[in-house]
Amino acid sequence: MSQFEQTYTIHAPISKVWRALTTAEMAEQWGATPAEVDARVGGEFSYWDGDIHGTFTKLVPEKLIEQEWYGHDNPEWKYTVMFTFTGSDTASTTVRMVYSGNITDEQKDIKDWQDYYFTPIKELLEK
């Protein structure tokens, strides 16, 4: 099992960053459409019409999200994603993401997280 970490600073209140990762409405605004999100432990999520889907395994509001992910190309492989949040509700938020599992192309996955996840979230929230 391999893993990598990324850290992003988003110039938006922590409450907005949290909602971007825990609501279907916000996920669709940053481009993961169609999205379904049931942000509770055991709740499921689906982005890009099921291209990425999984389950919330731990939630601490505005502090921590842990998820198990299943990709469409290898549905039997599980990935674990953990997001931790620091910041305030008046300034910027730092999100640390740890991604682990059967990673076969780390550089592609790093670029995908940037291109499809965090760059669109930053663009939406930093308007």
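A short tour of the structure in this document, coming up. This structure is a prediction, so every number in the text was calculated from the model and none was measured.

1. Some words on the pairing of strand E3 (residues 44–47)
Here is step 1 of the chain: By the bridge criterion, 2 bridges tie strand E2 (residues 36–37) to E3 in an arrangement that is antiparallel. In the sheet register, Val37 faces E3, and the bridge partner there is Phe45.
Here is step 2 of the chain: If you look at the hairpin formed by E2 and E3, you'll find 6 residues sitting between the two strands, and Gly42 has a positive phi there, around 90 degrees.
Here is step 3 of the chain: Where E3 lies against strand E4 (residues 52–60), 4 bridges are found, and the strand directions are antiparallel. Paired with Phe45 across the bridge in E4 is Gly54.
Here is step 4 of the chain: Taken together, E3 and the strand that follows it, E4, pair antiparallel across an intervening segment of 4 residues, in which Trp48 is found at a positive phi of about 50 degrees.

2. Structural notes on the pattern of salt bridges
Here is step 1 of the chain: Evaluated as defined, the whole model comprises 6 salt bridges.
Here is step 2 of the chain: Among the ionic pairs, Asp38 bridges to Arg40, the shortest N-O distance being 2.9 Å.
Here is step 3 of the chain: Using a relative accessible area of 46% as the deciding quantity, one classes Arg40 as partly exposed.
Here is step 4 of the chain: Of the charged contacts, one joins Asp115 and Lys111 as a salt bridge, the two residues approaching to 2.7 Å between their closest N and O atoms. Here Asp115 pairs with Lys111, and both are found in helix H3 (residues 106–125), just 4 residues apart, close to one helical turn.

3. A word on the sheet that holds E3
Here is step 1 of the chain: Across the sheet, which stays open at both edges, the 7 strands sit in the order E1-E7-E6-E5-E4-E3-E2 with antiparallel pairing between neighbours. The open sheet has two edge strands, strand E1 (2–10) and E2, and neither has a second partner.
Here is step 2 of the chain: Sheet topology note: the strand E6 (residues 78–87)/strand E7 (residues 93–101) ladder contains 9 bridges and is antiparallel. The residue of E7 that forms the bridge with Met82 is Val98.
Here is step 3 of the chain: Packing against the sheet, helix H1 (residues 14–22) makes contact with E1, E2, E3, E4, strand E5 (64–71), E6 and E7, and its axis sits at approximately 165 degrees to E6.

4. Some details on the pairing of E7
Successive side chains on a regular strand alternate, one facing one side of the sheet and the next facing the other.
Here is step 1 of the chain: Among the 9 residues that make up E7, 7 are buried, leaving the element largely enclosed by the rest of the structure.
Here is step 2 of the chain: Taking the residues that link successive antiparallel strands as the turn, the E6-E7 hairpin has 5 residues.

5. As for the nonpolar core
Among soluble globular proteins, nonpolar side chains are generally buried collectively.
Here is step 1 of the chain: If you look at the biggest cluster of nonpolar residues, it comprises 35 residues, and the most contacted ones within it are Phe83, Phe85, Trp113, Tyr117, Phe118 and Leu125.
Here is step 2 of the chain: At 7 residues, H3 tops the list of elements feeding residues into this core.
Here is step 3 of the chain: When sequence neighbours within four positions are dropped, the list of residues in contact with Phe85 reads Ile14, Val17, Trp18, Leu21, Glu62, Lys63, Leu64, Ile65, Thr93, Thr94 and Val95.

How each quantity is defined
- Residues numbered from 1 in each chain as written.
- Predicted model: local features only at pLDDT ≥ 70, side-chain atom pairs only at ≥ 80, totals over all residues.
- Heavy atoms only, no water.
- Pairing = 2+ DSSP bridges.
- Helix = DSSP H or I, 4+ residues; strand = E, 2+ residues; numbered from the N terminus.
- Salt bridge = Lys/Arg side-chain N within 4 Å of Asp/Glu carboxyl O.
- Buried < 20%, exposed > 50% of the residue type's maximum accessible area, 1.4 Å probe, protein only.
- Contact = heavy atoms within 4.5 Å.
- Axes fitted to C-alpha atoms, helices over the stretch in contact; angles between N-to-C directions.
- Core = buried A, V, L, I, M, F, W, Y, C linked by side-chain atoms within 4.5 Å.

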